[in-house]
Structure formats: C-alpha cells, structure tokens
Amino acid sequence: ISSQGGELVMRLITSTSSGNDAGLTTPSTGAPHRRIRNPASLIKFRTQTTITSCRIFAGLTNASLATVGAGSPTLTVGLQYDTAAADANWFFYNGSGTRINSNVAVAASTTYYARVIGSDSSPDFRVDLLNSAGDVLARNFFRGSSIPASEDDLRPVLSIRTLSAATREVGFIYAFGVNEI
C-alpha cells in the first residue's frame, strides 16, 4: 500500500514474466451479483506511470484472473485497455467479445472509476467510465444476448496482465457493490 495522488492505493503488481496476472476479486463461489438482482458495482483504481505492454480490466466477471487477463473472457462486462490490440483508449467490453471504443485516452498516473449497473427488466448492463471527480467520461449499454444471463454469478474484478518481460502495476483504491437498486 502506498500513497498516490493523495489516496491510499493497494499496488497490484505482476511479475517480470510475460503473461503474468495481478489483480483483486472476490471468491468465485457465492458471487454477489446477478443481473436478476439489478446489481451496481463501482471500482476506483489508478493507472501507474507505465501503461505500455499491458492489459487492464475493471468490471464484473465470472472468470478467473488468468482468464480475464487473457483478453477475451466470457460472462464479463466492464472496461478494458489492451496494448496487444493497439489500444490508446479505454474500451467497453462484454463477454461475447464485443469491444466498443470509449474515445477516452488512457492516461498514466490517473484515477478512474468503473461503474457497472445491471438491469434484468431491460435487460442490459450500463458501463460508465468516470474521472476522479466522479464525472462521466463515457457510457455504453450492452443489451440482449451479448450480456451475462440473469442467473450468472458475477463478482467485481480489477486485473492487470503484463505483456512483456517487465512488471506492470495498477492501483486498487476501493470497490463496492449493491443489489436490488
């Protein structure tokens, strides 16, 4: 844990082996969020000084950290940054492999929020990218068959994968989630 940008940050650091993952998630059994429960999840995180040769994901998933880090996890919805795909911007991502450009550039040493809100009545998931002040920078809705099903267990995740023989890092600040909103 270190102080960065005036906040306490848990540093999630990969090893120097390409393909190594670091991250934070809740246990896979008894995952707290299902679309049928109309969940809302918010993850506050900070990019670090080096944002090359890495893949970052923040959102909800049913997958392991290694699967999320591999770049195309199913039963997943959130924000992704992937330099292997030549990304310079954040992308909205869902488990069917759909990636939608947010047109917001990823900046080093910057605090962001990833907010994911599910609705079973629509059915849809709304994904918001927010800045450190909580202002919405970009928003996307995923609807229909491209989203996790009503009963799929989902949990918050923040992950980073190094895509080179060097450590990569993302900072976790906090996360919370509620159901039945």
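All of these numbers come straight from a predicted model, not from anything done at the bench.

Rules and cut-offs
Residues numbered from 1 in each chain as written. Predicted model: local features only at pLDDT ≥ 70, side-chain atom pairs only at ≥ 80, totals over all residues. Heavy atoms only, no water. Helix = DSSP H or I, 4+ residues; strand = E, 2+ residues; numbered from the N terminus. Rg over C-alpha atoms; globule rule 2.2 N^0.38 Å. Buried < 20%, exposed > 50% of the residue type's maximum accessible area, 1.4 Å probe, protein only. Contact = heavy atoms within 4.5 Å. Areas by Shrake-Rupley, 256 points an atom, 1.4 Å probe, with all protein chains shown as cover. Lys, Arg positive; Asp, Glu negative; His and termini not counted. Charge placed at Lys NZ, Arg CZ, Asp CG, Glu CD. Pairing = 2+ DSSP bridges. Core = buried A, V, L, I, M, F, W, Y, C linked by side-chain atoms within 4.5 Å. Phe/Tyr/Trp six-rings, centres within 6.5 Å; stacked < 30°, edge-to-face > 60°. Lys NZ or Arg CZ within 6 Å of the ring centre and 35° of its normal. pLDDT = per-residue confidence, 0-100. Axes fitted to C-alpha atoms, helices over the stretch in contact; angles between N-to-C directions.

**Q** Hey, could you go over the overall build of the protein chain for me, with residue numbers and the actual values?
**A** Scanning the protein chain from terminus to terminus reveals 1 helix and 13 strands. Along the protein chain, from the amino end to the carboxyl end, the secondary structure elements read β-β-β-β-β-α-β-β-β-β-β-β-β-β. Relative to the globule expectation of 16 Å for 181 residues, the C-alpha radius of gyration of the protein chain, 15 Å, shows essentially globular dimensions. In terms of principal-axis extent, the alpha carbons of the protein chain reach across some 45 × 30 × 30 Å. Across the 181 residues of the protein chain, 50% fall into the buried class. Long-range pairs, those at least 24 residues apart, make up 64% of the contacts in the protein chain between residues at least 6 apart in sequence. Entry remark: accessible area of the protein chain is about 7,400 Å², with carbon and sulfur atoms responsible for 50%. Averaging the coordinates of the 15 positive side-chain charges in the protein chain and doing the same for the 13 negative ones gives two points 3 Å apart.

**Q** Describe the pairing of strand E6 (residues 76-82), listing the residues and the values that go with them.
**A** Counting buried residues along E6, 7 of its 7 residues qualify, which places the element largely inside the surrounding structure. Looking at chain direction, strand E5 (residues 54-61) and E6 are connected through 7 bridges and run antiparallel. Across the sheet, the residue bridging to Gly59 is Gly78, located in E6. Across 4 bridges, E6 lies against strand E7 (residues 89-94) in antiparallel orientation. Its bridge partner lying in E7, Gly78 is registered against Tyr93. Where E6 folds back on E7, the antiparallel hairpin that results is connected by 6 residues, among which Ala86 adopts a positive phi of roughly 65°.

**Q** Report on the nonpolar core, specifying residues and quantitative values.
**A** Core analysis: the largest hydrophobic core is formed by 30 residues, its most contacted members being Phe45, Ile56, Trp90 and Leu158. Sorting elements by how many residues they give to this core places E5 first, with 4 residues. Each residue touching Ile56, except ones within four places of it in the same chain, is listed here: Thr47, Leu79, Gln80, Tyr81, Trp90, Leu158, Ser159, Ile160 and Val170. Counting 5 residues, the second largest nonpolar core, distinct from the first, contains Ala63, Val68, Tyr93 and Val157.

**Q** Account for the packing of aromatic side chains, with residues named and values stated.
**A** For the structure on display, the rule yields 6 aromatic pairs. Ring geometry for Tyr113 and Tyr174: centres 6.3 Å apart, planes at 70°, overall edge-to-face. Of the two residues, Tyr113 is situated in strand E9 (residues 111-119) and Tyr174 in strand E13 (residues 169-178); the sequence distance between them amounts to 61 residues. Take Tyr113: its relative accessible area is 10%, and that puts it in the buried class. An aromatic cluster is defined as three or more aromatic residues linked by ring pairs; in this entry it consists of Phe45, Tyr81, Trp90 and Tyr112. Above the plane of the ring of Phe91 lies Arg99, whose end atom (NZ or CZ) is 4.2 Å from the centre.

**Q** So what about the environment of Ser72? Which residues, and what values?
**A** The topology assignment puts Ser72 in the loop between helix H1 (65-69) and E6. Taking the relative accessible area as the measure of exposure, Ser72 reaches 54% and is therefore exposed. Sequence-distant contacts of Ser72, defined by excluding residues within four places in its chain, comprise Thr67 and Tyr93.

**Q** Describe the confidence of the model for the protein chain, listing the residues and the values that go with them.
**A** On average, residues of the protein chain score 88 in pLDDT, and 96% of them are at 70 or above. The least confident element of the protein chain is strand E1 (residues 2-4), whose mean pLDDT is 82; the most confident is strand E8 (residues 99-105), at 96.

**Q** Describe in detail the sheet that holds E5, supporting the description with residues and values.
**A** Here we have 6 strands laid out as an open sheet, ordered E3-E12-E5-E6-E7-E8, and antiparallel in their pairing. Strand pairing shows two members of the sheet lacking a second neighbour, strand E3 (21-25) and E8, which therefore form its edges. The mean inter-strand angle of the sheet, taken between neighbouring strand axes irrespective of direction, is 15°.

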